[in-house]
Amino acid sequence: MLFLVQDGITNGAIYALLGLALVLVFAVTRVILIPQGEFVTYGALTYASVASGQMPGTAKLALAMGIVAFALDLYAARRALHVRPIARAFLTNIVLPGAVLALTSWVVSRQPPVGVSIALSLVIVAAIGLFLYRIVFQPLAHTSVLVLLIASVACHLALQGLGLLFFGAEGQRGPAVLSTAFTAGTLRFTGQSIAVYAITIAFIVGLWLFFGLTLYGKALRATAVNRLGARLVGIRTTLSGQIAFLLASVIGALSGILIVPITTLYYDTGFLIGLKGFIAAIIGGLVSYPLTAVAALVVGTVEAFSSFYASNFKEVIVFTLLIPVLLLRSLAAPAVEEEKD
Amino acid sequence: MRALLSVSDAHVSYGKVEAVRSVSLEVAENEIVTIVGANGAGKTTLLSAVMGILPLKGRVTFGGENLARLEIEDRVALGLGLVAEHRELFVTMSVQDNLELGAFRIAKAKAKISLERVYALFPRLKERRKQLAGTLSGGEQQMLAMGRALMGAPKLLMLDEPSLGLAPIIVADIFRIVGELRASGVSVLLVEQNAQAALRIADRAYVMELGEFVLSGPAKDVAANEAVAASYLGFHHEGASAI
């Protein structure tokens, strides 16, 4: 019994991270981030590829998206071409992913240490997340939630297809972040599960500090609370959107890197994992961070128990959780009309 | 006096309905200008359009710069501030956080000085600095909205119905502070239904009716105008005629 709870908490911790990212992105940009799962897959498989000496296609994708993003920046600034913002855009959109691509191709043939593979994978996926916002969601920022959702589904399908192209149909596993293990009573703790707990907790504490203490963190919260109010004090919606997408892609990639040593990941596995984070986010009403984290632990535990006792129905049971929750929420809360802006 | 804000021949529409028609106005440096008029005359619409929230046809310049292509955030950076009718506070954040965010674009050292100034102007906010903005009373929220706008060190502060729904004693306080703002070098464009109070502190006034300015001039003259008195100041002169 206890080991199922342990298993559930390990999974739940990952869902919690993903759920938090979904809540954050929705609150700030109104985008329901379906491609969150692709960030997980990309992070995991980029890490596994680099560690096994293969060149990940994601590094090239990052550069290609950077070039498109730079072209969009140039087009947007066509009426007033100033040197400094353009140089900055060139640096983040082209020089950075270009350097990462060069570094990756240099590193892969040399058996990089685990830390280097992790860092490279995080930077690559973070860049993809940032450019995804610039290319797709920033131009759509003023549209309705529905339009954003449809664009989000499109991004998910496109990124998943590219995932198949980059990593093939076969699953991969990556090397463990920590390879030690110890036994306490009836429970066995592997180094990897300890890493999952430690990194999840560290990340949540880090996010809490970021949102509570830094001006940029507060600006992000402010945008989530009142978009017009934020604009009236000079906080750019695009800046908040960029930070939100950056955090979401880093969180997704990190989750992927944490689980890929435990489970085999395929190019499309991320979607299902992201979806479970989404359930947690829905239970949290897409607004509450603590509720989302608790719900994620519940989702993880339910999943662990159902995969042990009724493994065929594992996904059925987990996703069925949504129905009573939505029913309860719809009874408890009055109908909310879509925000107009 | 040099015109700080200049609007000429402005039109603002909601779809096919034109809410503001061919309006021109000017606010000079160190001046309090008020726009009075009945509910629905288009005052709020005009302010929103000047701020860049609604699209405006016509020409708006601020400090000599054409605002046509500028986003809300760029207008804030130029020194234009708006305290919107609904205040647009960050209700789940503390009073102090709201104020600090007001200085988002300002250097940290400057923001500290701004904060002291705002606390001196509104001692009530200092007492409640740890409280969530959403738990403040209406008057305190209005003070916070004004304080937050002042944190960004605007050259011109546009106030949209600051007295709406507030107790008379608080309204008096808010109008006193508007007067103090001018003394510290901030121009004010004040939109009010409470015409009496607005005309008392303003230098110049515009009267708006159904999307158009029907009268303008020094505030004293506007206040003395019989038709204005009849329509907005709540008392009748003998033989008042409609404007």
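About the criteria used
- Residues numbered from 1 in each chain as written.
- Chains lettered and ligands numbered in written order.
- Predicted model: local features only at pLDDT ≥ 70, side-chain atom pairs only at ≥ 80, totals over all residues.
- Heavy atoms only, no water.
- Helix = DSSP H or I, 4+ residues; strand = E, 2+ residues; numbered from the N terminus.
- Rg over C-alpha atoms; globule rule 2.2 N^0.38 Å.
- Buried < 20%, exposed > 50% of the residue type's maximum accessible area, 1.4 Å probe, protein only.
- Contact = heavy atoms within 4.5 Å.
- Areas by Shrake-Rupley, 256 points an atom, 1.4 Å probe, with all protein chains shown as cover.
- Pairing = 2+ DSSP bridges.
- Salt bridge = Lys/Arg side-chain N within 4 Å of Asp/Glu carboxyl O.
- Phe/Tyr/Trp six-rings, centres within 6.5 Å; stacked < 30°, edge-to-face > 60°.
- Axes fitted to C-alpha atoms, helices over the stretch in contact; angles between N-to-C directions.
- Parallel < 35°, antiparallel > 145°, perpendicular 65-115°, else oblique.
- Left-handed = near helix turned anticlockwise from the far one by under 90°.
- Nonpolar A, V, L, I, M, F, W, Y, C, P; charged D, E, K, R; others polar.
- Buried area = accessible area lost by both parts, 1.4 Å probe.
- Polar contact = N/O pair within 3.5 Å; in protein donor to acceptor, adjacent residues only side chain to side chain.
- pLDDT = per-residue confidence, 0-100.

Draft legend 1. Inspection of the overall build of chain A at higher detail. Check the secondary structure of chain A and you find 14 helices and 2 strands. The C-alpha radius of gyration computed for chain A amounts to 20 Å, which stays within 12% of the reference 20 Å derived for 341 residues, consistent with globular compactness. Projecting the C-alpha coordinates of chain A onto the three principal axes gives extents of approximately 65 × 60 × 35 Å. Taken across its 341 residues, chain A has 47% of its residues classed as buried. The contacts of chain A with a sequence gap of at least 6 include a subset with a gap of at least 24, amounting to 78%. With an accessible surface of roughly 15,500 Å², chain A has 72% of that area assigned to carbon and sulfur atoms.

Draft legend 2. Highlighting the overall build of chain B. Per the secondary structure count, chain B includes 10 helices and 10 strands. Since a compact globule built from 243 residues should have a radius of gyration of about 18 Å, the 18 Å found for chain B is in line with a globular shape. With the principal axes as the frame, chain B shows a C-alpha extent of 55 × 40 × 35 Å. When burial is assessed residue by residue, chain B has 50% of its 243 residues classed as buried.

Draft legend 3. Geometry of the pairing of strand S2 (residues 187-190) of chain A. Because side chains alternate across S2(A), one face comprises the buried residues Leu187(A) and Phe189(A), and the other comprises Arg188(A) and Thr190(A), none of which is buried. Between the end of strand S1 (residues 181-184) of chain A and the start of S2(A), which pair antiparallel, lie 2 residues, with Gly185(A) showing a positive phi angle near 65 degrees.

Draft legend 4. Molecular detail of the pattern of salt bridges. Within this structure, the stated rule accounts for 17 salt bridges over all chains. Between Glu73(B) and Arg231(A) there is a salt bridge, and its shortest N-O distance comes to 3.1 Å. Highlighted residues: Glu73(B) in helix H2 (residues 72-78) and Arg231(A) in helix H9 (residues 227-232), drawn from two different chains. On the basis of relative accessibility, which here comes to 3%, the residue Glu73(B) falls in the buried class. Put simply, Lys276(A), Glu303(A), Lys314(A) and Glu315(A) are held in one network by salt bridges that share partners.

Draft legend 5. A look at the packing of aromatic side chains. With the rule as written, the count across this model stands at 13 aromatic pairs over all chains. Here the aromatic rings of Tyr216(A) and Phe104(B) are separated by 5.7 Å at their centres, their planes lie at 80 degrees, and the arrangement is edge-to-face. Of this pair, Tyr216(A) sits in helix H8 (residues 215-225) while Phe104(B) sits in the loop between helix H3 (95-102) and helix H4 (108-121), each in a different chain. Judged by its relative accessible area of 14%, Phe104(B) falls in the buried class.

Draft legend 6. Structural context of the packing of H4(B) against helix H6 (residues 138-151) of chain B. Residue and element names in this part refer to chain B. Two elements in contact, H4 and H6, have axes separated by 9 Å at closest approach and are oriented at 150 degrees. For the element pair H4 / H6, the angle class is roughly antiparallel. As H4 runs across H6, the sense of the crossing is right-handed. Residue-level contacts link Ala-111, Ser-114, Leu-115, Val-118 and Leu-121 of H4 to Gly-147, Leu-150 and Met-151 of H6. Classifying every residue of the contact of H4 with H6 by side-chain character gives 6 nonpolar, 2 polar and no charged.

Draft legend 7. Representation of the interface of chain B and chain A in the model. Across the boundary between the two partners, chain B contributes 23 residues, which contact 20 residues of chain A. Counting the surface lost from both chain B and chain A, the interface buries some 2,100 Å², and carbon and sulfur atoms represent 63% of this. Per-residue buried area on chain B facing chain A is highest for Glu73(B), Phe90(B) and Phe104(B); these three make up 31% of the total on that side. Across the contact surface, chain B and chain A share 5 salt bridges. A salt bridge links Glu71(B) to Arg231(A), with the nearest nitrogen and oxygen atoms 2.8 Å apart. Here chain B is connected to chain A by 8 residue pairs in polar contact (both at pLDDT 80 or more). Contributing elements (two or more residues each) for the side of chain B that touches chain A: H2 and H3 of chain B. For the side of chain B that touches chain A, the class distribution of residues is 12 nonpolar, 2 polar and 9 charged.

Draft legend 8. Quick look at the sheet that holds strand S1 (residues 3-14) of chain B. Residues and elements named next belong to chain B. Taking strand neighbours across the sheet as the criterion, the 4 strands line up as S2-S1-S4-S5 in an open arrangement whose pairing is antiparallel. Of all the strands in the sheet, the pair left with one neighbour each is strand S2 (17-28) and strand S5 (65-66). Across 5 bridges, the pairing between S1 and strand S4 (residues 57-62) is antiparallel. Within S4, the residue paired with Leu-5 across the bridge is Phe-62. Contacts from helix H1 (residues 43-51) reach S1, S2 and S4, with the element oriented near 115 degrees to S1.

Draft legend 9. Structural context of the confidence of the model for chain B. Residue and element names in this part refer to chain B. On average, residues of chain B score 89 in pLDDT, and 95% of them reach the 70 mark or higher. Here residues 236-243 is modelled with pLDDT under 50, and outside its nearest four sequence neighbours on either side it reaches 13 contacts, counting other chains as well. Under the prediction, the complex receives an ipTM of 0.90, its pTM being 0.85.

Draft legend 10. How the structure looks around the sheet that holds strand S7 (residues 156-160) of chain B. All names here are of chain B. Pairing is mixed across the open sheet formed by 6 strands, whose spatial order is S6-S7-S8-S3-S9-S10. Two strands bound the open sheet, and with one partner strand each, they are strand S6 (80-83) and strand S10 (212-218). The sheet shows a mean angle of 15 degrees between the axes of neighbouring strands, direction not considered. Sheet topology places S6 next to S7; 4 bridges connect them, and they run parallel. Bridging across to S7, Val-83 finds its partner in Leu-159. Across the face of the sheet, H6 comes into contact with S6 and S7 while running at roughly 170 degrees to S6. Each of strand S3 (32-37), S7 and strand S8 (187-192) is contacted by helix H7 (residues 168-183), which is oriented at about 155 degrees to S8, the strand it contacts most.

Draft legend 11. Layout of unusual backbone geometry. The backbone of Gln111(A) sits at a positive phi, close to 50 degrees, despite the residue not being glycine. Looking at the element boundaries, Gln111(A) is found in the loop between helix H4 (83-107) and helix H5 (114-137). Assessed through its relative accessible area of 67%, Gln111(A) is described here as exposed. The phi dihedral of Arg87(B) falls on the positive side, at around 70 degrees, and the residue is not glycine. Here Arg87(B) is to be found in the loop between S6 and H3.

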